[in-house]
Amino acid sequence: MAPTTVSEALQQITGSDNPAAGFESLLGSIKNISTPSTIAGDLNSIAAAILSSSLGVVGTRTVLAQFVDTLRALDNDELWTEVGPDVVNRLLANASAASFVEQVASLCEGTASAFEATEDFQAAAEVLAKIPIDSSQRRLSDQEKARIWIRIVRNYLEEKNWNSAEAYLNKLKNIMHTITDSELNLHFKLSAARIQDAKREFLAAAQSYHDISNMTVIAEEERLHTLAMAIKCAILAPAGPPRSRVLGRLYKDERSAGLEEYGILEKIFLDRLLAPAEVAKFAEGLQEHQLAITSDGSTVLDRAVVEHNLLGASRLYSNIGFDALGHLLGLDGDRAEDTTARMIEQGRLAGWIDQIDRIIWFGSGEASGEKGSGRAEAVVGKELRRWDANVQALAEELEQVTNSLHTEFPAFVEQRLAA
């Protein structure tokens, strides 16, 4: 008598002389025996029976391979997500787990695809992480490892799980020099740029995005998008010589002129002050993490704009009071002083601060970007000596003009001196 339920079929298989054939027959007729509401539970029961049977390693592998093929044939993402994780965990907990690495890998990849289709990227990354990488039964090449790890990284990035994504990216760094596949290299570089961007390492992210924008393996539209991302990150980076060099490369890139961000890029590169309306328009195109609140209560963009305008002010003034600078930057005088002091200390601005008279003096030279290189020496009487030098130079030039006139037109000079 033919069984009418999976549990009846499993009882018959357990007592048969050829359980492997019984499992294969049951899997082949699963659609006819199970219902949509019971099929997930039935498949889990079948998997448990397979692993607890006495088929032997070879027989179990064969039946598990058909089990995976059955899941693929059913082509149901929800079924994969309900059955796949349970079967994978059973296989990994089995005493002979090392003998079923191929089956574990197939189940993990199929389950991950189903999770990705349902946009559960965290679960997809976690199940992919269970794929055996280093096993005596299954040796993977560096390229195969890279393909798995990059897929994990991309899933974690979709969930904004930056720390987990970076952990797998660090694994990739050890093998990417051996990878020749252009697509894998592209995904690696793009993932690295996104992580740098998320961690607010904006200068490094800008350079990475710019490098990607020059790769011919991606479409022109995508290249322009990554170029725009490079510009945004460069603008958000701390003001100073290193950022100026990156801005220079982006400004000279002929493609930048056609982007919406070009206007603000040009003003920043030329050290022009930014108006609030320009900043607000630029902020509309930024991502959530690029508008995050910092420890002092301002956004990343606010800090970048303040530092840029301070750098621009240093090009216009030789000195300025705390309160006047604060008014220019939209801050109070004390915060203007703190911002200036930090930039000078970090080597991003050349100058010195007179805290008694509450005046900031900007240095005539450029800071190198190295810590401590922005400190300019305060010279006593510097402005007075500069005035004296200018008066002396004027007097010397007047004397030269008089001597020249006396040589060329002595009669005229005599007449004028006599008068």
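Fair warning: this is a prediction, and the values are worked out from it, not measured in the lab.

Caption draft 1: Structural context of the overall build of the protein chain. When you go through the protein chain residue by residue, the secondary structure sums to 21 helices and five strands. Taken against the 2.2 N^0.38 rule, which gives 22 Å for 419 residues, the C-alpha radius of gyration of the protein chain at 35 Å runs more than 25% over that of a compact globule. With respect to the three principal axes, the spread of C-alpha positions in the protein chain is 140 × 45 × 35 Å. For the protein chain, the proportion of contacts with a sequence separation of at least 24, taken over those separated by at least 6, is 57%. Summing over all exposed atoms, the protein chain offers an accessible surface of approximately 22500 Å²; the carbon and sulfur share of this is 50%. Of the side chains in the protein chain, 40 bear a positive and 60 a negative charge, and the two mean positions are spaced by 3 Å.

Caption draft 2: Geometry of a nonpolar patch on the surface. A surface patch of nonpolar side chains, about 360 Å² in accessible area, is lined by Val 401, Leu 405, Phe 409 and Phe 412. One can find Phe 412 in helix H21 (residues 410-418). Classification of Phe 412 by relative accessible area gives partly exposed; the value is 39%.

Caption draft 3: Looking closely at a negative patch on the surface. On the surface, a cluster of negative charge is made up of Glu 119, Asp 120, Glu 126, Glu 158 and Glu 159. Here Glu 119 shows up in the loop between helix H7 (101-117) and helix H8 (121-128). Taking relative accessible area as the criterion, Glu 119 reaches 59% and is therefore assigned exposed.

Caption draft 4: Local environment of the packing of helix H4 (residues 39-52) against helix H5 (residues 56-74). Between H4 and H5, the least distance of the axes is 10 Å, while the angle of their chain directions is 170 degrees. Taken together, the axis directions place H4 and H5 in an arrangement best described as roughly antiparallel. On the side of H4, the interface is formed by Ile 39, Leu 43, Ile 46, Ala 47, Ile 50 and Leu 51, while H5 contributes Thr 60, Val 63, Leu 64, Phe 67, Leu 71 and Leu 74. Across the contact of H4 with H5, the residue classes break down as 11 nonpolar, one polar and no charged.

Caption draft 5: Examining the pattern of salt bridges more closely. Going through the model one piece at a time under the given rule, you end up with 15 salt bridges. Residue Arg 72 is joined to Asp 69 by a salt bridge in which the shortest nitrogen-to-oxygen separation is 3.5 Å. Here the residue Arg 72 and the residue Asp 69 both occupy positions in helix H5, the gap between them amounting to three residues, near one helical turn. Arg 72 sits in the partly exposed class, given a relative accessible area of 47%. Assessed through its relative accessible area of 42%, Asp 69 is described here as partly exposed. Here Lys 232 makes a salt bridge to Glu 261, at a shortest N to O gap of 3.9 Å. Note that Lys 232 is positioned in helix H13 (residues 220-236) and Glu 261 in the loop between helix H14 (241-252) and helix H15 (262-269), a separation of 29 residues in sequence.

Caption draft 6: How the structure looks around the packing of aromatic side chains. According to the stated counting rule, one finds four aromatic pairs in the structure shown. For the pair Tyr 251 and Tyr 262, a centre-to-centre distance of 5.8 Å together with 5 degrees between the ring planes defines the contact as stacked. A residue pair is termed long-range when its members are at least 10 positions apart, and Tyr 251 in helix H14 and Tyr 262 in helix H15 qualify at 11 residues. Given a relative accessible area of 22%, Tyr 251 falls into the partly exposed group. Taking the centre distance of 5.6 Å and the plane angle of 5 degrees together, the rings of Trp 352 and Trp 361 count as stacked.

Definitions and limits used
Residues numbered from 1 in each chain as written. Predicted model: local features only at pLDDT ≥ 70, side-chain atom pairs only at ≥ 80, totals over all residues. Heavy atoms only, no water. Helix = DSSP H or I, 4+ residues; strand = E, 2+ residues; numbered from the N terminus. Rg over C-alpha atoms; globule rule 2.2 N^0.38 Å. Contact = heavy atoms within 4.5 Å. Areas by Shrake-Rupley, 256 points an atom, 1.4 Å probe, with all protein chains shown as cover. Lys, Arg positive; Asp, Glu negative; His and termini not counted. Charge placed at Lys NZ, Arg CZ, Asp CG, Glu CD. Patch = residues over 30% accessible without salt bridge, like charges linked within 9 Å, V, L, I, M, F, W, Y side chains within 5 Å. Salt bridge = Lys/Arg side-chain N within 4 Å of Asp/Glu carboxyl O. Buried < 20%, exposed > 50% of the residue type's maximum accessible area, 1.4 Å probe, protein only. Axes fitted to C-alpha atoms, helices over the stretch in contact; angles between N-to-C directions. Parallel < 35°, antiparallel > 145°, perpendicular 65-115°, else oblique. Nonpolar A, V, L, I, M, F, W, Y, C, P; charged D, E, K, R; others polar. Phe/Tyr/Trp six-rings, centres within 6.5 Å; stacked < 30°, edge-to-face > 60°.

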